Amino acid sequence: MKQVVIEFRKVSKRFGDIAAVIDNNLAVEQGEFLSILGPSGCGKTTSLRMMAGFEQPTSGEVFIRGEKVTGVPAYRRPVNMVFQHYALFPHLSIADNVSYGLRQRSPRPSAGEITKSVDEALDMVRLGGFGKRRTYELSGGQQQRVALARALINRPAVLLLDEPLAALDRKLRREMQVELQNLQRTVGITFLLVTHDQEEALSMSDRVCVMREGRVVQTGSPRDLYDTPINRYVAEFVGKSNFFSAASGNVTSVRPELIDIAARRKDLPQGLAIRTDGRVLNRIFLGEQTEYRIASDELGEFTVVAPRKAEHLSGTFNIGDSISAGWRPEHARLLPDN
Amino acid sequence: MTKVTGHISAEEFLAQLRRYQKGSISRRQFLGVTGLGLATAVLSSAVPGFRPRKAHAALSGTVNFTTWPSYFAQENLDNFTKETGVKINVAVFGSNEEMLAKLQAGSTGWDVFVPTNYAISTYKELGLIEELDLKRLPNYDASTQEQRFTAEGVIDGKTYAVPKDWGTTGFVYNNKNITQNPTSWKEFFDLTQGPWTGRVMVHDYQLTTIGNALKYHGFSFNSNDEKELAEAEKLLIACKPHLFGINSDYKPSLISGDAWASVCWTGDATQLQRDMPEMKYVLAKEGGEIWSDFYAIPKGGQNVDAAYALIDYLLTPEINAKEVQAHGYPSTDSRTNKLVPKEMLENPILYPAAELLSPLEFGAAATLTNPLRAEIMARFKAA
Amino acid sequence: MQDYRHSRWITAALLAPAGVFFVFLLILPLVVVLVYSFGARAPAGGYEAAFTFDNYLNLPARGKAFFNTLTLAPLGTLLTAIAAFPVAYILALKTDPKWRVTLLVLIMAPFWTSQLLRYYAWIMLLGSKGIPSWLAYIGIADLRIINTPTAVLIGAVYGFLPLMVPPIYVSLEKLDKRLLEASADLGATPLRTFFQVTLPLALPGVATGSMLVFILLMGDYILPQYLGGGKVFFIGNALVDLFLQSRNWPYGAAVSVALVLIMFLTISLYMRFILSRTDKRRAALV
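Residues numbered from 1 in each chain as written. Chains lettered and ligands numbered in written order. Predicted model: local features only at pLDDT ≥ 70, side-chain atom pairs only at ≥ 80, totals over all residues. Heavy atoms only, no water.

Visitor: An account of the overall build of chain C is needed here, citing residue identities and associated values.
Guide: Along chain C, the regular secondary structure elements total 13 helices and two strands. Judged by the C-alpha coordinates and their principal axes, chain C covers about 80 × 75 × 35 Å. The proportion of buried residues among the 286 residues of chain C is 47%. Of all intrachain contacts in chain C linking residues separated by at least 6 positions in sequence, the fraction that spans at least 24 positions is 70%. Roughly 14,300 Å² of accessible area belongs to chain C as shown, and the carbon and sulfur atoms make up 75% of that amount. (Helix = DSSP H or I, 4+ residues; strand = E, 2+ residues; numbered from the N terminus. Buried < 20%, exposed > 50% of the residue type's maximum accessible area, 1.4 Å probe, protein only. Contact = heavy atoms within 4.5 Å. Areas by Shrake-Rupley, 256 points an atom, 1.4 Å probe, with all protein chains shown as cover.)

Shown next, in the form of structure tokens:
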């Protein structure tokens, strides 16, 4: 088993009457890229702030590299953070921002060492030569990279990223996702990312931890979470799914891309557990795939995603067309309805 | 004024506040600073109680009365307002030069002011004051005035100012703190630079401050001689670091005990001695100033009727006697003196012995406008 | 094009009041002062037309007043800033937001009473029966404060603190608190965070407040008159004397011109210094 870098042991945090984090037992492993995923108010940011040392737990203990750090202030913890809106120092140049952490050290590194490290860090985030500029002269994506360099230059035990891509536009976000992943592999530092964006979490992380109302619901690899969610909440939050009510508070969850469709029942593939007939209510053309909304008398409404590649078998459908649909038994999961 | 030992008492603070309200510091300044001036003006016109009574239907509004620190009986002013409905706005000044400067700059808004004898001829020459219509001052009687104090109010047979009172300029010292018994300006200024250091005040007023420094050297109180003035300036500048302050409103510092001695006018000495018998008033043996003050009406006054009414009221013997008892300066009017208590008439502060009076000099008109004196005073303050 | 002309008229109309104010109450009086400063004193005082440099040549006669003003005004400003900073800091960063407005208003509360009255209170507090008499109990005897430069400085800090706190408060309040966390996160102790982040970023507020206080102190005459007792003499007092006692208007005008020039010079130097030390864009916004 890999070494644990940060560990929560039964950590709870209350703000007055509000319980932000309840009995959290998170463990971050050396070298991994872990994401904490959840909607706003689920306690993910509070957890991150307790790791950084900005908040102290109401109860429970925090360990960094096996050492108990509960109560230790932020400036004495070997972790660094990339803030949501970067939090670059506006009165300092880019180089002075990046070297800030080194300059706090005692003994303080020599000016030559600092300059060398800053140049390396800026090169690493592809901002070589930007050192003399001011923060407001940089674009959002560039500021983001400065924030990364400013944190990574300290070689932290864990790099904490608080919704680092939220302020970027869609295209830039995609680019930064790839860049972050590459960076993490290059530097080999443990990354802990907090996000409400499931796509971000799934695409970048080795492991994802889903939180809800202060508690960890499920932790696992993105594929595990997607394929074997433990309840409707995780299934809903990680990817899209159709839910059909089942007995005793459970639901049947079927991913839309796992449903087969055809013009007539007899044209559906063999081995399907469920078959039903219905009408096309809506159709959204998405290029590589098409999303159909289907109304069935027995099952109600559900969504099907048909890949372009399968169209030569199933054909295409228009709104109002009759349609048959079905899925294999292993693709339907019986889950607790929260 | 309450005598206080130890720290500041609530009474003293209130007394200070009252002084402030009475106008020991300029009320006009105060009203200007706070913006209350406009508010009181609006109030006085809106509140029925402020309106003139029928007997004085012709009078209304406010009379702006410019005088010196602690130089009137508040009771008299209140009664005047009660009887006439005219509100009195008091402002106080520390020197004739300051008053002249204000009048020269124009638009003072003053209705009545109090110039000293030697300043009147200049005011007349510069056309800054009105000739007085004595018919409108029925309570003033020139024949009952002591002529040597009143003559300068009349120029070419025309009356420009009517006498208020007279007095002397000596010095006062607190003999609780001071063991010496100084009797001369020589001693006063020498002690200032010695054992009294940090405890002495002089007026913020060229005539008396420079005049007494001239007396130190035995020169005339009124000298405008360049060399003599230079000697006086040298003395003043040598004294400057030893002074407690330069202020014509010196009583508060003497009362609080911060200052032990000051150049002083008759009435302030009278007032100080009432509560603090340890305050000794000295007319220096070299001489110094004897003076009389007058009421006058500046040109361009807004409320001339009320100005005449106020002067006439204050010169009424019964009223004037109350004034004398409040401010402690001797009156020039024999009718008034008949109404003043005997112990005041016998008080050596008000009526010094003849041999002390004889070397005193009246201020000379030329000192008021002498540019060198003005500049020496300013340099002394700026030193 | 019609619209463009229209908007130009509106701009002109909006600028007119400020323009009129500027020309008639600032430029014209300054011109009058400048003209007077080359004139002569009339025999009984006032102004007489002339062209002479005597008034300027005579400026050294007020050297002490210039010296006092140019030492005590900056010192008073500095002390006020030092006293105001912790107040603003506690208000902006350590106070429950719901109390902030109340506390700010309380800081401004002394302005509701007359300035003269407050100085009168200080005359008594600093007089021998005030604070010195209390200090005498703990063995500090015969301490004289009133009518000294110290009294003037105390009065300056007391009187101008309410002007200094709000601008510093504003700059601290709008300071992004995450910057403080970022600093701590990067290993800076709270003290280093204060000097490396909080203080530099509050500098525009300190600059604004200092400018305000400095300008008022440079021209003040009431404070030195009341708490300096005519012994701590400022240029303002020299001017009051020249205009309201010795009636030497031309000399007074020359002293005024000198004061305006000195103020202009010191303020430009100061602004240049502050701008060089702060992010230019931020300073421009303050």
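Visitor: Just give me the short version of the arrangement of the chains, but keep the residues and values in it.
Guide: Contacts between protein chains span two pairs of chains, and they are most numerous for chains B and C. The two units chain A and chain B are non-contacting; their minimal C-alpha-C-alpha distance is 41 Å.

Visitor: Could you give an account of the interface of chain C and chain B, naming the residues involved and the relevant values?
Guide: Contacts between the two partners involve 42 residues from chain C, matched on the other side by 49 residues from chain B. Regarding the contact of chain C and chain B, the summed buried area is about 3,700 Å², with carbon and sulfur atoms giving 56% of it. For the pair chain C and chain B, the number of links is three salt bridges. Salt-bridge contacts for C:Arg62 lead to B:Glu375; the nearest nitrogen and oxygen are separated by 2.9 Å. On the surface where chain C and chain B come into contact, there are 17 residue pairs in polar contact (both at pLDDT 80 or more). Going through the elements one at a time, helix 3 (63-93), helix 5 (115-126), helix 6 (131-137), helix 11 (235-244) and helix 12 (249-277) of chain C are the ones with two or more residues in the side of chain C that touches chain B. When its residues are assigned to classes, the side of chain C that touches chain B shows 20 nonpolar, 13 polar and nine charged. (Buried area = accessible area lost by both parts, 1.4 Å probe. Salt bridge = Lys/Arg side-chain N within 4 Å of Asp/Glu carboxyl O. Polar contact = N/O pair within 3.5 Å; in protein donor to acceptor, adjacent residues only side chain to side chain. Nonpolar A, V, L, I, M, F, W, Y, C, P; charged D, E, K, R; others polar.)

Visitor: Mind laying out the state of the cysteines, listing which residues take part and the relevant values?
Guide: Residues and elements named next belong to chain A. Following the criterion strictly, the structure yields zero disulfides over all chains and no others. Residue Cys209 stays outside any disulfide, its sulfur separated by 8.7 Å from that of Cys42, the closest cysteine. For Cys209, a relative accessible area of 0% gives the class buried. (Disulfide = S-S within 2.5 Å.)

Visitor: Let's hear about the domain arrangement of chain A: which residues, and what values?
Guide: All names here are of chain A. Its domain assignment divides chain A into domain 1 (4-234) and domain 2 (242-336). Relative placement of domain 1 and domain 2: their C-alpha centres are 40 Å apart. Facing eight residues of domain 1, the contacting portion of domain 2 comprises seven residues. Both sides together, the interface formed by domain 1 and domain 2 hides about 700 Å², and carbon and sulfur atoms give 51% of it. When residues of domain 1 are sorted by the area they lose upon contact with domain 2, Tyr226, Pro229 and Arg232 head the list and together hold 71% of the total. At the junction of domain 1 with domain 2, the criterion picks out zero salt bridges. Applying the counting criterion to the domain 1 and domain 2 interface returns three residue pairs in polar contact (both at pLDDT 80 or more). (Domains from an automatic or database assignment.)

Visitor: How would you summarise the pairing of strand 1 (residues 62-67) of chain B if you had to cite specific residues and measurements?
Guide: Each regular strand displays side chains that alternate between the two surfaces of the sheet. Residues and elements named next belong to chain B. In terms of burial, strand 1 is a largely internal element, five of the six residues being buried. In terms of strand pairing, strand 1 meets strand 2 (residues 87-92) through six bridges, oriented parallel. If you follow Asn64 over to strand 2, its bridge partner there is Asn89. Once the chain exits strand 1 it traverses helix 4 (residues 74-84) before rejoining the sheet at strand 2, and the crossover so formed is right-handed. (Pairing = 2+ DSSP bridges. Right-handed = clockwise from strand over helix to strand, strands pointing away.)

Visitor: Can you tell me about the pattern of salt bridges, naming the residues and giving the values?
Guide: If you walk through the whole model with that rule in mind, you get 40 salt bridges over all chains. A salt bridge links C:Arg178 to C:Asp176; its shortest N-O distance comes to 3.2 Å. What makes C:Asp176 partly exposed here is its relative accessible area of 26%. Connected through shared salt-bridge partners, B:Glu233, B:Glu375, B:Arg379 and C:Arg62 make up one network.

Visitor: Please set out the nonpolar core residue by residue, giving values where relevant.
Guide: Grouped together as the largest cluster of nonpolar side chains are 169 residues, with contacts concentrated most on A:Leu160, A:Leu192, B:Phe65, B:Tyr123, B:Tyr295 and B:Leu310. If you look at the next biggest cluster of nonpolar residues, it comprises 34 residues, including A:Tyr86, A:Leu127, A:Ala151 and A:Phe191. (Core = buried A, V, L, I, M, F, W, Y, C linked by side-chain atoms within 4.5 Å.)

Visitor: Describe the side chain of A:Thr195, with residues and values.
Guide: With respect to the element layout, A:Thr195 can be found in strand 9 (residues 190-195). Excluding residues that lie within four positions of it along the chain, A:Thr195 makes contacts with A:Ile36, A:Leu37, A:Gly38, A:Lys44, A:Glu163, A:Glu200 and A:Ala201.

Visitor: How would you explain the packing of aromatic side chains if you had to name every residue and give the values?
Guide: Taken as a whole and judged by the stated rule, the model has 40 aromatic pairs over all chains. Centre to centre, the rings of A:Tyr292 and A:Phe317 are 5.9 Å apart; their planes meet at 85 degrees, and the pair counts as edge-to-face. One end of the pair, A:Tyr292, is in strand 16 (residues 289-296); the other, A:Phe317, is in the loop between helix 9 (311-314) and strand 18 (322-327), and 25 residues separate them in sequence. On the accessibility criterion, A:Tyr292 (3% relative accessible area) is buried. Centroid distance C:Tyr89 to C:Phe194: 5.7 Å. Interplanar angle 75 degrees. Geometry classified as edge-to-face. Pair noted here: C:Tyr89 is in helix 3 and C:Phe194 is in helix 9 (residues 190-218), with a separation of 105 residues, a long-range link. Given the relative accessible area of 21%, C:Tyr89 is considered partly exposed. Among the aromatic side chains, those forming a connected cluster through ring pairs are B:Phe171, B:Tyr173, B:Trp185, B:Phe188, B:Phe189, B:Trp196 and B:Tyr216. Taking NZ or CZ as reference, A:Arg9 lies 3.9 Å from the ring centre of A:Phe63, over its face. (Phe/Tyr/Trp six-rings, centres within 6.5 Å; stacked < 30°, edge-to-face > 60°. Lys NZ or Arg CZ within 6 Å of the ring centre and 35° of its normal.)

Visitor: Can you lay out the sheet that holds strand 3 (residues 112-113) of chain B for me, pointing to particular residues and giving the numbers?
Guide: All names here are of chain B. One open sheet holds the three strands; their spatial order is 2-1-3, and the pairing between them is parallel. Both outer strands of the open sheet, strand 2 and strand 3, are each paired with one neighbouring strand and no more. Of the pairings in the sheet, the one linking strand 1 to strand 3 comprises two bridges and is parallel in character. Its bridge partner lying in strand 3, Phe65 is registered against Val112.

Visitor: Please provide a residue-by-residue account of the interface of chain A and chain C, values included.
Guide: At the junction of the two partners, chain A supplies 23 residues and chain C supplies 21 residues. Roughly 2,100 Å² is buried in total at the junction of chain A and chain C, and carbon and sulfur atoms are behind 58% of that figure. It is A:Tyr75, A:His91 and A:Gln104 that lose the most area in chain A upon contact with chain C, and together they represent 30% of the buried surface on that side. Between A:Arg49 and C:Glu181 there is a salt bridge, and its shortest N-O distance comes to 2.5 Å. Here chain A is connected to chain C by 10 residue pairs in polar contact (both at pLDDT 80 or more). Listed by contribution, the elements that provide at least two residues to the side of chain A that touches chain C are helix 1 (44-52), strand 7 (79-82) and helix 2 (94-103) of chain A.

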